[in-house]
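# Descriptive structure summary
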Amino acid sequence: MRPDVTHPPTVTCDSLGKTWKGGLAAVSPTDLVLHAGQTTALVGPSGCGKSTILRMVAGLETPSTGCVTIDGAPPAEILRRAGLSVAFQDPSLLPWRTVRGNIELALTLARHPVDRAAVDQLIMLVGLDGFGDTRPAELSGGMRQRAAIARALATEPRLLLLDEPFGAVDELTRQQLVQDLPRIWEARGTTTLLVTHSVTEAVMLSDRVIVLSPRPAKVVADIDIPLPRPRFPGLARTPEFVTLVDDVFAALSHGAAMADRTIAAQ
Amino acid sequence: MTAASGLAASQHNPWRTTLPGLLIVLLVWEGVGRSMGGTYLLAPPSLVLLWLGDNAGLVGRALSATLSNAAVGFVLGNLAALLLAAMALVWPASQRIVTGVALVVFCLPLVATGPILRVMFGPGNGPQIVLAALAVYYTTLIPLLVGMRAAPASWFDLVRSYGRGPLAALGYIRLMASLPYLFAGLQIAAPAAILGAMVGEFTGAERGLGVLTVRAMRSLDVEMTWALASVATFAAVAAYWGIGALTRAVLRDAPPLILAPPRDDTRRGAPLLRAITGLGGVIAAILVLWGGSIALFGLNPFFAKGPWDVAHAVFWASDAAQTRASLGVALMGTVLLLVPGYLAGLAAGAGLAVVFTLLPKLAGTMMPLAIALRSVPIVTTAPLVVLLLGRGATGTIVLVAVMVFFPTLVACLHGLRQAPGQVMDVFNSYAASPLQRLVRVQIPAMLPAFFAAARMAVPAAVLAVTVVEWLATGIGVGTLMALSASVSDYDMLWAAVVLAASLSALGYAGVGLIESRILRIYAPEQLT
């Protein structure tokens, strides 16, 4: 079956693992399923291999063991159809293009028609109105990251991969983005993978949080987030939300303690 | 790039910043020139201008001949660089060979390739154009190769994440990312093209500044010599500034200073084995190109000697021992002039950069002048230094030192500015003295630029020493080449060319070896 880029795909990882040249294990063989149309967060300590999993799903990194299939096909297939977008940890904006130019580049690369009004709307959505003709060098780190998010959304991807997209964004803007952005991909029907180390962000944005152990990454817990959508600003103060955040934190510390015991046993 | 923008800013209005320094130089020149009247050494600027006024037509015709040859060579050389860079990009495994052969060809002493080309082309513009092209292609090729790769990996990931291949990466990323590097290369290349064209004219052209320079020297016409040198210098500086202005019109960022040679993407096997196979590949490629082009163009075997002929003359011919002895004596003579001048130039360049950093006001006045003088063609200064210091060793050593001095100064000043701002802030927060900052932060930060300059200065120093030997000194490889050319001993001429090119390439590689050891400690990011 070929991936149909008009519908959000299901992503399946079968004993997906990565060992770097030189023998450093980044990801233990892991089974994962990202359900179609859902947002799944990967949470884990820094350097645990979250981003490596994301890069393997995007087809940018070759797995050492196992494989990724997207609607039954290898990632190369959805790449070929330009059906996915990645918001990279480093905004990776081309310095010689304006914010608008960078967003339009994604459309050009994906061989989509460039719709100026739609690009303007995206720029507005990430709070960069008035900065469309500014070059990245004149923007703050957070603004650059927002431009990168806008670029990732521009091609209306059915598979959206977000690698710590809000790392440099200030707290107020981040809260705003966490409210606004999911509406876009929910409305379109998008399978989203969010890599983050912020537990509240993960709970706020996702339908499911997968907690990873320290390197090499292993799944420690798979927690459903049955909170109503659309998520609203007051949600973070509800007991349900707080309990879920506590669950994720507990799983994170459990994972860290297990890793310590493994090291001690060796 | 931010540090380089300081340099660019001082170039923005060259006249306002340079004028004080220029005036001082002119006044000193005038004063010394007047006091030395009648000694046939130094003509003051007033007399130089007078001479130029009287001979405007002659100089204008010569200048236009030289410039048009330089321009054609500039275009051809840069086209060759573009093609070579494209080849290395399309077929990465070829990069080692391409850069290795390019370096050795760049190290060929212009004064020796000149006569050979002259014999091949006969009278006309051929040698001037070829030498101008040879003088520029390397300084464009290396920045292009660096620039094509000077993009973060995530930009290429971005292109791949939309399902696009290497061609899209080339079009949307590599070409744009390499532009600042390309312009940086072109700016250095513009004066070099004029230098190449003038060396071509030295070898017996009909028209051009080089022809007049040789005539002026022969007739000991001091005013004419200084006038021609001034005109050539002015043309070179104008070319340098012209490309600089074009760069600022096209690019938003100042062009970067190129430090490390392009990294090798095809690392396989043990380092030593790689080095040996790389070197073997380069030598094999050169021998094939050398012998092949002689056969291909059907060159006259009387003057076109292949690798086999040279090997025969040096090792197996009846007079091989004598040939080897002459080459050895010449090599010793050259090395004795080259090494002191090279080291003195490096020391003076780095030393003055440090002084300028401690006295920033002085630097503001002198820097634009130094940047301009960096582009002065050596050929125009050679006759002057010979006039001033005589035909002995001192003149040659001084000239080599001058040749090495300016690029080293400019690179070291750039390097001193590379000191990381946050580390400087830490030192300032402890109220560290300027000297402490200099020794502990700025000088270590300067080392990569210093070694890059030292490496690039080797071929320049060999060029300088062979030019002066050719023109004046009477010892060394340059003289040997001049003598062999004049008595049509082409075996000896080719052997001397091989010797000078090997000296240059080995020196370059040797400095590169020291450089990579130092960079491993002080600037590991330049190596990966």
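All of these numbers come straight from a predicted model, not from anything done at the bench.

## Remarks on the overall build of chain A
In terms of regular secondary structure, chain A is built from eight helices and nine strands. For chain A, the proportion of its 266 residues judged to be buried stands at 55%. Within chain A, counting contacts between residues at least 6 apart in sequence, those at least 24 apart form 70% of the total. Accessible surface computed for chain A: about 11400 Å², of which carbon and sulfur atoms make up 55%.

## Things to note about the overall build of chain B
Counting its secondary structure elements, chain B contains 21 helices and zero strands. Here chain B, with 528 residues, has 53% of them falling under the buried criterion. Of the roughly 23300 Å² of accessible surface on chain B, 71% is carried by carbon and sulfur atoms.

## Structural notes on the sheet that holds strand β1 (residues 11-19) of chain A
The strands making up a sheet associate through hydrogen bonds between their backbones, and the pairing can be parallel or antiparallel. Residue and element names in this part refer to chain A. Across the sheet, which stays open at both edges, the three strands sit in the order β2-β1-β4 with antiparallel pairing between neighbours. On the outer flanks of this sheet lie β2 (25-34) and β4 (65-70), each paired with one strand and no other. Ignoring strand direction, the axes of neighbouring strands in this sheet form an average angle of 15°. Two strands pair when backbone bridges link them, and β1 and β4 are joined in this way by five bridges, in the antiparallel orientation. Residue pairing across strands places Thr12 opposite Thr69, the latter belonging to β4. Sitting on the sheet, helix α1 (residues 50-57) is in contact with β1, β2 and β4, with an inclination near 125° to β1.

## Thoughts on the interface of chain A and chain B
Between chain A and chain B, the contact holds 28 residues from the first and 16 residues from the second. Between chain A and chain B lies a buried interface of about 2000 Å² when both sides are counted; carbon and sulfur atoms form 62% of it. Contact with chain B buries surface across chain A, with Leu60, Trp96 and Leu109 of chain A losing the most and accounting together for 34% of the total. There are one salt bridge connecting chain A and chain B. Between Arg55 of chain A and Asp157 of chain B there is a salt bridge, with the nearest N and O atoms lying 2.6 Å from each other. At the junction of chain A and chain B, the tally comes to seven residue pairs in polar contact (both at pLDDT 80 or more).

## Observations regarding the sheet that holds strand β5 (residues 84-87) of chain A
Residue and element names in this part refer to chain A. Spatially, β5-β6-β7-β3-β8-β9 is the arrangement adopted by the six strands of the open sheet, whose pairing is mixed. Where the open sheet ends on each side, the last strands, each with one partner, are β5 and β9 (219-224). Across the sheet, the axes of successive neighbouring strands diverge by a mean angle of 15°, strand direction being ignored. As paired elements, strand β3 (residues 39-43) and strand β7 (residues 191-196) share five bridges and run parallel to each other. What sits directly across from Leu42, in β7, is Val195.

## Let's talk about a nonpolar patch on the surface
Residue and element names in this part refer to chain B. Together, Leu352, Val355, Leu358, Leu359, Leu362, Leu435 and Val439 line one region of the surface with nonpolar side chains, adding up to about 570 Å² of accessible area. Of all the elements in the fold, those that place two or more residues in the nonpolar patch are α14 (320-358) and α19 (434-473). The element contributing the most residues to the nonpolar patch is α14, with three residues. By relative accessible area, which is 37% here, Leu362 ends up partly exposed.

## Some remarks on the packing of aromatic side chains
All names here are of chain B. Applying the stated criterion across every chain yields a total of eight aromatic pairs over all chains. Centre to centre, the rings of Phe315 and Trp316 are 5.9 Å apart; their planes meet at 55°, and the pair counts as tilted. Among the residues examined, Trp316 registers a relative accessible area of 52% and is labelled exposed. Ring-pair connections join several aromatic residues into one group, and the members of that group are Phe106, Tyr137 and Tyr138.

## Some points on the packing of α14 of chain B against helix α20 (residues 476-486) of chain B
All names here are of chain B. In contact at an axis separation of 6 Å, α14 and α20 are set at 135° when each is read in the N-to-C sense. By the angle between their directions, the pair α14 and α20 is classed as oblique. Each of Ser326, Leu327, Ala330, Leu331, Gly333 and Thr334 in α14 lies in contact with α20, whose residues at this interface are Gly476, Val477 and Leu480. Broken down by class, the residue content of the contact of α14 with α20 amounts to five nonpolar, four polar and no charged.

## Details of the nonpolar core
Side chains of a nonpolar character, in soluble globular proteins, are inclined to be buried together. The biggest cluster of nonpolar side chains holds 64 residues, and the ones touching the most others in it are Leu327, Tyr342, Val400, Val404, Leu409, Phe450 and Met481 of chain B. Per-element tally for this core: the top contributor is α19 of chain B, with 16 residues. Residues within four places of Met481 of chain B in sequence aside, it is in contact with Pro109, Val111, Ala112, Thr466, Trp470, Leu493, Ala496 and Val497 of chain B. Among the nonpolar cores identified, the runner-up in size contains 49 residues, and Leu139, Leu194, Leu205 and Ile225 of chain A belong to it.

## Thoughts on helix α7 (residues 126-149) of chain B
Residues and elements named next belong to chain B. Spanning 24 residues, α7 covers 35 Å between terminal C-alpha atoms, matching the ideal 34 Å at 1.5 Å per step. Within α7, the axis deviates most sharply at Tyr137, by approximately 30°. With 22 of 24 residues buried, α7 lies mostly within the body of the structure.

## Side note on empty space enclosed by the protein
Residues and elements named next belong to chain A. Evaluated as defined, the whole model comprises two cavities of 30 Å³ or more. There is about 40 Å³ of room inside the largest cavity. Element by element, the count of residues in the lining of the largest cavity is highest for helix α6 (residues 171-188), at five residues. Considered class by class, the residues forming the lining of the largest cavity number four nonpolar, one polar and four charged.

## Thoughts on the packing of helix α4 (residues 56-90) of chain B against helix α9 (residues 166-202) of chain B
When two helices pack together, their arrangement is given by the angle between the helix axes and by the axis-to-axis distance. Residues and elements named next belong to chain B. As a packed pair, α4 and α9 sit with axes 8 Å apart at the nearest point and diverge in direction by 145°. Helix-helix and strand crossings are classified by hand; for α4 and α9 the assignment is right-handed. Along the contact surface, α4 presents Ala65, Thr66, Leu67, Asn69, Ala70, Phe74, Asn78 and Leu89, while α9 presents Leu170, Arg174, Leu186, Ala189, Ala190, Ala193, Ile194, Ala197, Met198 and Glu201. In terms of residue class, the contact of α4 with α9 is built from 13 nonpolar, three polar and two charged.

## Re unusual backbone geometry
Residue and element names in this part refer to chain A. For the bond running from Arg215 to Pro216, omega is -5°, close enough to zero to count as cis. Along the chain, Pro216 falls in the loop between β8 (208-212) and β9. The backbone of Ala82 sits at a positive phi, close to 50°, despite the residue not being glycine. Positionally, Ala82 belongs in the loop between α2 (75-80) and β5.

## Regarding the pairing of β2 of chain A
Residues and elements named next belong to chain A. Alignment of β1 against β2, held across six bridges, turns out to be antiparallel. Its bridge partner lying in β2, Leu16 is registered against Thr30. Counting the residues in the hairpin turn of β1 and β2 gives five residues, including Gly22, whose phi is positive at 100°.

## A word on the state of the cysteines
Counted according to the given criterion, the structure contains zero disulfides over all chains. Cys67 of chain A supplies the cysteine sulfur nearest to Cys13 of chain A, a cysteine that is in no disulfide, at a spacing of 8.6 Å.

## Things to note about the pattern of salt bridges
Counted according to the given criterion, the structure contains 13 salt bridges over all chains. Between Asp133 of chain A and Arg100 of chain A there is a salt bridge; the shortest N-O distance is 3.7 Å. With a gap of 33 residues between them, Asp133 of chain A in the loop between α4 (116-125) and α5 (141-154) and Arg100 of chain A in helix α3 (residues 99-109) connect regions that are remote in the sequence. Exposure remark for Asp133 of chain A: the relative accessible area of 60% places this residue in the exposed category. Among the ionic pairs, Glu515 of chain B bridges to Arg455 of chain B, the shortest N-O distance being 2.5 Å. In this pair, Glu515 of chain B sits in helix α21 (residues 490-522) while Arg455 of chain B sits in helix α19, placing the two residues 60 residues apart along the sequence. Arg455 of chain B sits in the buried class, given a relative accessible area of 4%. Through salt bridges with shared partners, one network takes in Arg55 and Glu61 of chain A together with Asp157 and Arg160 of chain B.

Scoring rules and cut-offs
- Residues numbered from 1 in each chain as written.
- Chains lettered and ligands numbered in written order.
- Predicted model: local features only at pLDDT ≥ 70, side-chain atom pairs only at ≥ 80, totals over all residues.
- Heavy atoms only, no water.
- Helix = DSSP H or I, 4+ residues; strand = E, 2+ residues; numbered from the N terminus.
- Buried < 20%, exposed > 50% of the residue type's maximum accessible area, 1.4 Å probe, protein only.
- Contact = heavy atoms within 4.5 Å.
- Areas by Shrake-Rupley, 256 points an atom, 1.4 Å probe, with all protein chains shown as cover.
- Pairing = 2+ DSSP bridges.
- Axes fitted to C-alpha atoms, helices over the stretch in contact; angles between N-to-C directions.
- Buried area = accessible area lost by both parts, 1.4 Å probe.
- Salt bridge = Lys/Arg side-chain N within 4 Å of Asp/Glu carboxyl O.
- Polar contact = N/O pair within 3.5 Å; in protein donor to acceptor, adjacent residues only side chain to side chain.
- Patch = residues over 30% accessible without salt bridge, like charges linked within 9 Å, V, L, I, M, F, W, Y side chains within 5 Å.
- Phe/Tyr/Trp six-rings, centres within 6.5 Å; stacked < 30°, edge-to-face > 60°.
- Parallel < 35°, antiparallel > 145°, perpendicular 65-115°, else oblique.
- Nonpolar A, V, L, I, M, F, W, Y, C, P; charged D, E, K, R; others polar.
- Core = buried A, V, L, I, M, F, W, Y, C linked by side-chain atoms within 4.5 Å.
- Expected span 1.5 Å × (residues − 1).
- Bend = angle between axes of the 7 residues up to and from the residue.
- 1 Å grid on protein atoms, 1.4 Å probe; cavity = no way out; pocket = protein on both sides within 12 Å on 5 of 7 lines; lining within 4 Å.
- Points joined across faces, edges and corners; volume = space filled by probe spheres on them.
- Left-handed = near helix turned anticlockwise from the far one by under 90°.
- Disulfide = S-S within 2.5 Å.

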